[in-house]
Amino acid sequence: MSSLEQNPPQPRSTLPDVRPITFADLRACLAAGITDFRRAPLFGLFFGAVYAIGGLLILALVFRLEMSYLAYPLAIGFALIGPFIAVGLYEVSRRIEAGRALDWPGVLRVIFDQRRRELSWMAFVVLFVLWIWLYQVRLLIALFLGSRATSDLGRFFHVVVSTPEGLTFLAVGHLVGAVLALVLFSVTVIACPLLLDRNIDFVTAVVTSVKTVTTSPVPMILWGLMVVALIFLASLPAFLGLLVVLPVLGHATWHLYRRAIAP
């Protein structure tokens, strides 16, 4: 039976019921994510490797174009697209939960089929916010640093941390970035697994995701901070830490969705 047959289309005006999330839920979701990764390590390592290789390619392109000053904001921004990249991990957790077979053709087919479903619209949202994030970094560099900006990463960081203009750039940049990250996190954290799991429209999924964050703001924002921090730290050793961190967080996010949204 297909996922569409299991989950019949819902009316556009019907929002899924949102349940409060507690700190105990966060711990339980993280533990469940570790368990799922242990049960299907090859799938986790595969999707983690895809994410890590993508990060390395983007970083190589930045240095190739002599725009190394974008390496730091890119490392942070790259963490923001994790929920969308983790779609394959959601499907693995869904199959484990339902007791269904884990086979590569089946999992990859579900991912490929999303191009014809509402989840494909999420890619535009994620890439648009990432583009705004990088654009505002360049704009702030021009406003605060001007001619002091340099393509050399070491000199750039020296200017940023040793001048008043650089420190102002750093403060404003992180403030703007935090707002963008909160917006993107709010619209994707539940929407991505929800769109994979149910045949509902994109707007309903986004509204449900935002409602989940506003219903339990402190635990959900803490979850978002933890995800960004762990992915950023895992990216430091040549993105190798993402081989484990991304799949664990991806599986855990699926379980967070299952606790936040009533069946």
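As for the overall build of the protein chain
No. 1: Within the protein chain, the regular secondary structure consists of 14 helices and zero strands.
No. 2: Put simply, the protein chain runs from its N terminus to its C terminus through helices and strands in the order α-α-α-α-α-α-α-α-α-α-α-α-α-α.
No. 3: By sequence separation, contacts in the protein chain at least 24 residues apart represent 77% of the contacts at least 6 residues apart.
No. 4: Counting every atom, the protein chain has about 13000 Å² of accessible surface; 71% of that belongs to carbon and sulfur.

A look at a nonpolar patch on the surface
No. 1: A contiguous nonpolar patch, built from Leu42, Leu45, Phe46, Val50, Trp104, Leu108 and Val244 and spanning about 590 Å² of accessible area, is present on the exposed surface.
No. 2: Residue assignment for the nonpolar patch shows that the elements contributing at least two residues are helix H3 (41–64) and helix H7 (104–113).
No. 3: At four residues, H3 tops the list of elements feeding residues into the nonpolar patch.
No. 4: Inspection of the secondary structure puts Leu45 in helix H3.
No. 5: A relative accessible area of 36% means that Leu45 is categorised as partly exposed.

Here's the deal with the side chain of Ser93
No. 1: Considering the arrangement of structural elements, one finds Ser93 in helix H6 (residues 87–98).
No. 2: A distance of 2.8 Å separates polar atoms of two side chains, one belonging to Ser93 and the other to Asp36.

Section: the packing of H3 against H6
No. 1: In the contact formed by H3 and H6, the axes pass within 9 Å of each other and the chain directions differ by 170 degrees. What the angle tells us is that H3 and H6 run roughly antiparallel. For the pair H3 and H6, the contacting residues are Phe43, Gly44 and Phe47 in the first and Gly88, Leu89 and Val92 in the second.
No. 2: Here the contact of H3 with H6 is composed, by residue class, of four nonpolar, two polar and no charged.

Re the environment of Phe202
No. 1: Take Phe202: it is sitting in helix H12 (residues 202–215).
No. 2: Sequence spacing of Phe202 and Trp121 is 81 residues, and the spatial spacing of their C-alpha atoms is 7.1 Å.
No. 3: Phe202 has contacts with Glu118, Trp121, Met122, Val125 and Leu195, leaving out every residue within four places of it along the chain.

Comments concerning the packing of aromatic side chains
No. 1: Applying the stated criterion across every chain yields a total of seven aromatic pairs.
No. 2: Considering the side-chain rings of Phe128 and Trp131, the 6.4 Å spacing of their centres and the 20 degrees angle between planes classify their relative orientation as stacked. Remark: Trp131 and Phe128 occur in helix H8 (residues 120–145); sequence separation between them is three residues, near one turn of the helix.
No. 3: Centroid distance Trp131 to Tyr135: 5.5 Å. Interplanar angle 15 degrees. Geometry classified as stacked. Placement of the pair is Trp131 and Tyr135 together in helix H8, with a separation of four residues, close to one helical turn.
No. 4: Through a chain of ring-to-ring contacts, the aromatic side chains of Phe43, Phe46, Phe47 and Trp104 assemble into a single cluster.

Let's talk about the pattern of salt bridges
Side-chain pairs of opposite charge can arise where the charged atoms are in close proximity.
No. 1: Applying the stated criterion across every chain, the model contains eight salt bridges.
No. 2: For the salt bridge of Asp25 with Arg259, the shortest nitrogen-to-oxygen distance reads 2.8 Å. With Asp25 in helix H2 (residues 23–39) and Arg259 in helix H14 (residues 242–260), the pair connects residues that are 234 residues apart, well separated along the chain.
No. 3: A relative accessible area of 37% places Arg259 in the partly exposed class.
No. 4: The partner of Glu91 in a salt bridge is Arg94, with the nearest N and O atoms 2.6 Å apart. Residue Glu91 and its partner Arg94 are both found in helix H6; the two are separated by three residues, about one turn of the helix. Neither residue differs from the other here; Glu91 and Arg94 are each classed as buried.
No. 5: Salt bridges sharing partners connect three or more residues here, namely Glu91, Arg94, Arg95, Glu97, Asp103, Asp197 and Arg258.

Cut-offs used in this document
- Residues numbered from 1 in each chain as written.
- Predicted model: local features only at pLDDT ≥ 70, side-chain atom pairs only at ≥ 80, totals over all residues.
- Heavy atoms only, no water.
- Helix = DSSP H or I, 4+ residues; strand = E, 2+ residues; numbered from the N terminus.
- Contact = heavy atoms within 4.5 Å.
- Areas by Shrake-Rupley, 256 points an atom, 1.4 Å probe, with all protein chains shown as cover.
- Patch = residues over 30% accessible without salt bridge, like charges linked within 9 Å, V, L, I, M, F, W, Y side chains within 5 Å.
- Salt bridge = Lys/Arg side-chain N within 4 Å of Asp/Glu carboxyl O.
- Buried < 20%, exposed > 50% of the residue type's maximum accessible area, 1.4 Å probe, protein only.
- Polar contact = N/O pair within 3.5 Å; in protein donor to acceptor, adjacent residues only side chain to side chain.
- Axes fitted to C-alpha atoms, helices over the stretch in contact; angles between N-to-C directions.
- Parallel < 35°, antiparallel > 145°, perpendicular 65-115°, else oblique.
- Nonpolar A, V, L, I, M, F, W, Y, C, P; charged D, E, K, R; others polar.
- Phe/Tyr/Trp six-rings, centres within 6.5 Å; stacked < 30°, edge-to-face > 60°.

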